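Summary of the model geometry
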Amino acid sequence: MEAKLLDSIIFRQNQQQVVPSNQAIASWAHDLLNLLFPERGSSSNYTHDILKGMFFELKEELQLILKSTKACKKNHYKEIADTFFERLPEIYRKLNTDLSALVDGDPAAQSEFEIIRCYPGFFATAMYRFAHELYLLEVPYIPRIITEYAHTITGIDIHPAAKIGEYLYIDHGTGLVIGETTEIGNHVKLYQGVTLGALSVDKSKGNTKRHPTIGNYVIIYSGATILGGLTVIGDHSLIGGNVWLTMSVPENSTVYHQSEIKIK
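The rules behind the values
- One numbering rule holds for all chains: residues counted from 1, following each sequence as written.
- Only residues with pLDDT of 70 or above have their local features reported here, since the model is predicted, and side-chain atom pairs are shown and tallied only from 80 upward, although totals for entire chains, interfaces and linings are computed over all residues.
- The side-chain values count all of the structure's non-hydrogen atoms but skip hydrogen atoms and water molecules.
- Nine residue types can take part in a nonpolar core, namely buried Ala, Val, Leu, Ile, Met, Phe, Trp, Tyr and Cys, and a core is a set of them joined through side-chain atoms within 4.5 Å.
- Per-residue accessibility, obtained with a 1.4 Å probe over protein chains only, is compared with the maximum for each type, and a residue is labelled buried under 20%, exposed over 50%, and partly exposed between these values.
- Counting from the N terminus, the helices are the DSSP runs of H or I reaching at least four residues and the strands are the DSSP runs of E reaching at least two.
- A contact between two residues is defined here by any heavy atoms of the two lying within 4.5 Å.
- Two strands are said to pair when DSSP picks up at least two bridges between them.
- Helix span is expected to be 1.5 Å times the residue number reduced by one.
- Fitted lines through C-alpha atoms give the axes, limited to the stretch in contact for helices. The angle between two N-to-C directions lies from 0 to 180 degrees.
- Angle categories are assigned with fixed cut-offs, so that under 35 degrees is roughly parallel, over 145 is roughly antiparallel, 65 to 115 is roughly perpendicular, and the rest are oblique.
- Crossing handedness is read from the near helix: turned anticlockwise from the far helix by less than a right angle, it gives a left-handed crossing, and turned clockwise, a right-handed one.
- Any residue outside Ala, Val, Leu, Ile, Met, Phe, Trp, Tyr, Cys, Pro, Asp, Glu, Lys and Arg is labelled polar, Gly included; the first ten of those are nonpolar and the last four are charged.
- For this analysis, a polar contact is any N or O atom pair within 3.5 Å, provided that within protein one partner can donate a hydrogen and the other can accept it, and provided that sequence-adjacent residues contribute only side-chain to side-chain pairs.

Core analysis: the biggest nonpolar cluster contains 68 residues, and Trp28, Phe84, Phe130 and Ile220 have the highest contact counts within it. At the level of secondary structure, the elements contributing two or more residues to this core comprise α2 (22-36), α3 (48-67), α4 (77-105), α5 (112-118), α6 (120-136), α7 (142-154) and β3 (169-170). Sorting elements by how many residues they give to this core places α4 first, with 10 residues. Not counting chain neighbours up to four residues away, the residues in contact with isoleucine 220 comprise Lys189, Leu190, Tyr191, Val194, Leu196, Ile214, Ile226 and Ile239.

Before going further, it helps to spend a moment on the sheet that holds strand β12 (residues 238-239). Spatially, the five strands line up as an open sheet ordered β3-β6-β9-β12-β14, and their pairing is parallel. The open sheet terminates on both sides in strands that have one partner only, identified here as β3 and β14 (254-255).

Over its 17 residues, α6 extends 24 Å from the first C-alpha to the last, a length consistent with the 24 Å expected when each residue adds 1.5 Å. Burial analysis of α6 places 14 of its 17 residues in the buried class, the great majority of the element.

At their nearest, the axes of α4 and α6 sit 10 Å apart, and the two run at 150 degrees to each other. By the angle between their axes, α4 is roughly antiparallel relative to α6. For the pair α4 and α6, the crossing hand works out as right-handed. Each of Phe84, Arg87, Ile91, Lys94, Leu95, Asp98, Leu99 and Leu102 in α4 lies in contact with α6, whose residues at this interface are Phe122, Thr125, Ala126, Arg129, Phe130, Glu133, Leu134 and Leu136. Taken together, the residues that form the contact of α4 with α6 break down as 10 nonpolar, one polar and five charged.

Next up on the list: the packing of α2 against α7. Contact geometry of α2 with α7 gives a least axis separation of 9 Å together with a crossing angle of 75 degrees. Considering the angle they form, α2 stands roughly perpendicular to α7. From α2, Asn22, Ile25, Ala26, Trp28, Ala29 and His30 reach across to α7, where they touch Ile142, Ile145, Ile146 and Tyr149. Across the contact of α2 with α7, the residue classes tally to eight nonpolar, two polar and no charged.

This part takes up the side chain of arginine 129. Mapped onto the elements of the fold, arginine 129 is located in helix α6. Taking the relative accessible area as the measure of exposure, arginine 129 reaches 5% and is therefore buried. Only 2.7 Å separates the side chain of arginine 129 from the backbone oxygen of glycine 165, close enough to count as a polar contact. Apart from the residues lying within four places of it in its own chain, the contact partners of arginine 129 are Ile91, Lys94, Leu95, Asp98, Ile164, Gly165, Glu166 and Leu168.

For the rest of this paragraph, the subject is the sheet that holds strand β10 (residues 225-227). Spatial ordering of the open sheet is given by β1-β4-β7-β10-β13, a layout of five strands whose pairing is parallel. For this open sheet the edge positions go to β1 (157-158) and β13 (244-245), each flanked by a neighbour on one side alone. Where β1 and strand β4 (residues 177-178) come together, two bridges link them in parallel fashion. Considered in β4, the bridge of aspartate 157 is made with valine 177.

Structure follows, in structure tokens:
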């Protein structure tokens, strides 16, 4: 093995940020979701005391992950973990609104159990909601690791900094992208292949709003691309499949792409 390669690896090793493995972080988020929704595991008979103990263990595990992350604020790891678990009932409430959106909106959904166990949209949304709360607590790296774990599992890419309201409905979801500064209202439906992205990838605009704002009760069908920080989709609008949109539309708009079909 060439010494140059070995030297390069050792240099990178010495420069790296100290963060627990992606697997350890993903495992913590996965265990938390399984505890909140026991439908994801084998049947069990939890009592209050058992549940309290399991949540305590997960909080201790989060503290350890934060303590082991060099970039976290020194000695703030216990405060962050305590605050996250204080907010967990609200996270759980929001996740149940997302579950209701899928139960009520998807004709193929037979039960809550099926959605919790099988639907990639629900899984990706749950990982986002965990990561977003950690992002709000100014935790470095870990929120992005959690959402990228969901991305690898589901094909759904949600940046943890995005602001997403309640009753989010993600159907299928493969190829869905929600950028960092996206804002999404309540009761929004998103289908596979939707991109809520930036018009420019100029690094100098990294701290500006680069991604669109989606109002309440909006439906965006598969393959639609909506770009730009100044682009606002008004409430109760419908964006059709394969639409390319870089400008705002008012409330109650219908936007669609009309293709020419020739049959030979």
